[in-house]
Amino acid sequence: MNETMQRELTSRLFQQRETGASLTQQGVPAYFESVKNGDVRRLEKMSADLPQEELSPDALRSVQYQFVISIAEVVRCCIAEGMEEETAYSLRSIYIRSADACVTAEAVNTLHHAALLDFAARMQQYSERNLYSQLVSQCMDYIYHNLHSKLTLAVLSAELGVSESHLSRTFHKETGVTLSAYTAKRRVQEAMNLLRYSDYSSLDIANYLCFSSHSHFISVFKAQTGMTPKEYRSRYTKGVTLSPM
């Protein structure tokens, strides 16, 4: 046991008990609950409730340290409630790097609130997914993780261990759309992200997302968004520096 660390811990715990400021008495911060529950509207009103514990004499470092602690807890909560680990941990890394690049405490606090809103909005989608059966939720998860692979009813039913007819019927009954329509929608959503936040070509994206051809990709994309991939990229990336993802 590190004697210096134990001495500091003993002193800190004593002071917290004496002053009634024990962190355990505060319970889970309200904003963690809001994020976990996908309560974006409530969270939007809580910007003043960010933790203010002094973790360093330097104000910027203090809020950066607090940001890291907060994001780690948010990620833990979100994964427990169903967010994909790959997504949660990737977001954590991106936000921590962004906080590290901030040069003022105010900028970190602004980023902190934006990050919480982002996680909450994503959890809102997961809470809506709870309306579906385990089979349909597992199917959605498999599609999400395999947008770069060929996804057919035969592939999905074999992966989930059910008959094609049962999977097709159950999915359509619960979601109101066919599996093929849902898969196409998710591919287009991913294509929108790649067009907006990367410099991959439209052809590369079409190939990566397993569209049968570039012309098919353009047709499906326009049917869902009202724009061609080229028009979409032009509209939403003006003034944005793109980089490969």
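Because the structure is a prediction, the values reported are computed rather than measured. (Residues numbered from 1 in each chain as written. Predicted model: local features only at pLDDT ≥ 70, side-chain atom pairs only at ≥ 80, totals over all residues. Heavy atoms only, no water.)

**Observations concerning the confidence of the model for the protein chain**
Here the protein chain averages 84 in pLDDT, and 82% of its residues register 70 or above. Averaged pLDDT values over the elements of the protein chain bottom out at 65 in helix α1 (residues 3-19) and peak at 96 in helix α12 (residues 214-225). Overall, residues 22-28 carries pLDDT values under 50, and its contacts beyond four positions in sequence, including any with other chains, amount to 6 contacts. (pLDDT = per-residue confidence, 0-100. Helix = DSSP H or I, 4+ residues; strand = E, 2+ residues; numbered from the N terminus. Contact = heavy atoms within 4.5 Å.)

**Some points on helix α4 (residues 59-80)**
With 22 residues, α4 ought to run about 32 Å at 1.5 Å a step, and its terminal C-alpha atoms sit 32 Å apart, in line with that. Residues of α4 that are buried include every one of Ser62, Val63, Gln64, Gln66, Phe67, Ser70, Ile71, Val74, Val75, Cys77 and Cys78, and no others. One or two positions beyond α4, positive phi appears at Gly82, with a value near 120 degrees. (Expected span 1.5 Å × (residues − 1). Buried < 20%, exposed > 50% of the residue type's maximum accessible area, 1.4 Å probe, protein only.)

**A look at the pattern of salt bridges**
In this structure the tally under the stated criterion is 2 salt bridges. For Glu73, the salt bridge identified is with Arg76, shortest N-O distance 2.5 Å. Of this pair, Glu73 and Arg76 both sit in helix α4, 3 residues apart, roughly one helical turn. When the shortest N-O distance is used, the salt bridge between Asp118 and Arg122 registers 2.8 Å. With Asp118 and Arg122 both in helix α6 (residues 105-129) and 4 residues apart, this pair spans about one turn of that helix. (Salt bridge = Lys/Arg side-chain N within 4 Å of Asp/Glu carboxyl O.)

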